[in-house]
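Architecture and fold: a report
Spelled out from the first residue to the last, the chains are:
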Amino acid sequence: MKVLICETHEAAINRTAELIETQVRSRPRTVLGLATGGTMEPLYRRLSELHRASLSFAGVVTFNLDEYVGLSPDHPASYHSYMQERLFDHIDIDPQNAHLPRGDAADPRAEADAYDRRIEEAGGIDLQLLGIGRNGHIGFNEPTSSLNSRTRIKTLTRSTREANRPYFDAGTEPPAYAITMGVGTILDAKHCLLLATGASKAPAVAAMVEGPLSAACPASALQLHRKATVVLDQAAAAELRLTDYYHHVHPGGKASPFD
Ligand SMILES: O=P(O)(O)OC[C@H]1O[C@](O)(CO)[C@@H](O)[C@@H]1O
C-alpha cells in the first residue's frame, strides 16, 4: 500500500485528480470505478476543470460502487443523480458507458449478479476510486463484510445512514439497503486509489493502513492488494503512527512515476 500524505485538502484532491488524469491519458479506453460521497465532490469538480482544459473521457467506461435499493435513477438522492450532477453533466463521457447498479430493479439480487458480469465483460476495472466511511467501509461494505464478497445487497448501519442523511429531504429516511460491489469485486481492480480527507476519517484511515487485516475494517482488505494508493490530507493522516514509512507530498511537487 502506497500512502501519500498531502499538506492540504486541496493538494490531496489535486494529486488524486492527477493520478486519474495520468491513467486516462495513458489509456483513453480506461475502465474507471467511481465512488460517491462528500469526499468526491471537490475531486469531481477538479476532473471537470481538467476536462475543460482538454482531458477527454469520451472513451472511458465507468462503474460506480453502489446504489441505494429502492431509488430510481431520477430520485434526487440516488447515486445516479449524484454522478449526473457532479460529474457526468460536466464531461464528455458517453452516457452508454456510465454504469451504476439499478436500485429500483425488480430483482435487486439478480441486478447485483448482472453488475459483476457487466464489469467482467468490460474487461475488469483498471482504476478503482474509493472513499472510506468513518467505520472503515469501502463502497457500502460495512464492518463484518466478507473480504471475499461480490456485488450484493447490504444492510446499512445506522451510522452510515446518519452520515448520508444530508442528501435526503428532511423527514425522508435514508434507505436501509444498498447494492454494492463486494470487497472481492473491489480487490479485482488493477489499481485501487483511495482518497480520504478530514479529521473525521483519521481513525478509519489508521485502522485501514496500520491495523490488522480484518472484516471489522473492510478497507483493511486493501493491504492485500498488489497496487493500492491511499491519498490523504494531514487531517486524515493524523492518527497514523508509522509516519516515516509514508510519502510526504510537497506543495507544488509533481507526481513522480513512483507515486
Ligand atoms: O465521502 P463521505 O461522504 O464521507 O463517504 C465515504 C464513503 O461512504 C460512501 O458514501 C458509501 O458508499 C462512499 O460513497 C464514500 O466513499
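Residues numbered from 1 in each chain as written. Predicted model: local features only at pLDDT ≥ 70, side-chain atom pairs only at ≥ 80, totals over all residues.

1. So, helix 2 (residues 40–52)
- Across its 13 residues, helix 2 extends 18 Å between first and last C-alpha, which sits within 8% of the 18 Å expected from 1.5 Å per residue.
- Within helix 2, burial applies to Met 40, Leu 43, Tyr 44, Leu 47 and Leu 50. Taken end-on, helix 2 shows its buried residues confined to a sector of 115°, consistent with a single buried face. Turned more than 90 degrees from where helix 2 packs its buried face, Glu 49 and Arg 52 sit exposed.
- The elements touched by buried residues of helix 2 are helix 1 (9–26), helix 3 (79–86) and strand 9 (191–196).
- Just downstream of helix 2 lies Ser 54, where phi reads positive at about 115°. (Helix = DSSP H or I, 4+ residues; strand = E, 2+ residues; numbered from the N terminus. Expected span 1.5 Å × (residues − 1). Buried ≥ 20, exposed ≤ 12 C-beta atoms within 10 Å, placed from the backbone. Arc of directions from axis to C-beta. Contact = placed C-beta atoms within 7 Å.)

2. Quick notes on the packing of helix 1 against helix 2
- The contact between helix 1 and helix 2 brings their axes to 9 Å, and the two run at 50°. In this view, helix 1 runs oblique relative to helix 2, as classed from their interaxial angle. Note that helix 1 runs across helix 2; the crossing there is right-handed. Across the interface between the two elements, Ile 13, Asn 14, Thr 16, Ala 17, Ile 20 and Glu 21 from helix 1 touch Pro 42, Leu 43, Arg 46, Leu 47 and Leu 50 from helix 2.
- Among the residues making up the contact of helix 1 with helix 2, the classes are represented as 7 nonpolar, 2 polar and 2 charged. (Axes fitted to C-alpha atoms, helices over the stretch in contact; angles between N-to-C directions. Parallel < 35°, antiparallel > 145°, perpendicular 65-115°, else oblique. Left-handed = near helix turned anticlockwise from the far one by under 90°. Nonpolar A, V, L, I, M, F, W, Y, C, P; charged D, E, K, R; others polar.)

3. Digging into the sheet that holds strand 3 (residues 61–64)
- Strand order in this open sheet of 8 strands is 5-3-2-6-9-10-1-11, and the pairing throughout is parallel. Edge positions in the sheet fall to strand 5 (98–99) and strand 11 (247–249), since each of these pairs with one other strand and no more.
- Bridge analysis of strand 1 (residues 2–6) against strand 11 gives 3 bridges, and the strand direction is parallel. Each residue of the ladder has a partner; that of Leu 4, found in strand 11, is His 247. (Pairing = 2+ DSSP bridges.)

4. Examining the nonpolar core
- Of all hydrophobic cores here, the largest spans 75 residues; its most connected members are Ile 132, Leu 194, Val 205, Met 208 and Leu 232.
- In contact with Leu 194, other than residues within four places in its own chain, are Leu 130, Ile 132, Leu 222 and Val 230. (Core = buried A, V, L, I, M, F, W, Y, C linked by C-beta atoms within 7 Å.)

5. Some thoughts on the confidence of the model for the protein chain
- Overall, the prediction assigns the protein chain a mean pLDDT of 96, with 97% of residues at 70 or greater.
- The complex model carries a pTM of 0.96, and its ipTM stands at 0.91. (pLDDT = per-residue confidence, 0-100.)

6. Re the site of the ligand
- Near the ligand the following residues occur: Ala 35, Thr 36, Gly 37, Gly 38, Thr 39, Leu 65, Asp 66, Gly 131, Ile 132, Gly 133, Gly 139 and Phe 140.
- Grouping the amino acids of the shell around the ligand by side-chain chemistry returns 4 nonpolar, 7 polar and 1 charged. (Near = placed C-beta within 6 Å.)

7. Side note on the sheet that holds strand 4 (residues 66–68)
- Taken together, the 3 strands give an open sheet; going across it, the order is 4-8-7, and neighbouring strands pair in antiparallel fashion. Only two strands of the sheet have a single partner each, and these edge strands are strand 4 and strand 7 (152–155). Neighbour-to-neighbour, the strand axes of the sheet open up by a mean angle of 30°, direction not taken into account.
- Bridge count for strand 4 against strand 8 (residues 177–180) is 3 bridges, and the pairing is antiparallel. Considered in strand 8, the bridge of Asp 66 is made with Thr 180.

8. A word on unusual backbone geometry
- Despite not being glycine, Ser 54 has its phi angle at roughly 115°, a positive value.
- Of note, Ser 54 is situated in the loop between helix 2 and strand 3.
- A tally of 8 C-beta atoms within 10 Å means that Ser 54 is categorised as exposed.
- A positive phi angle, near 85°, is found at Thr 144, a position not held by glycine.
- Here Thr 144 lies in the loop between strand 6 (127–130) and strand 7.

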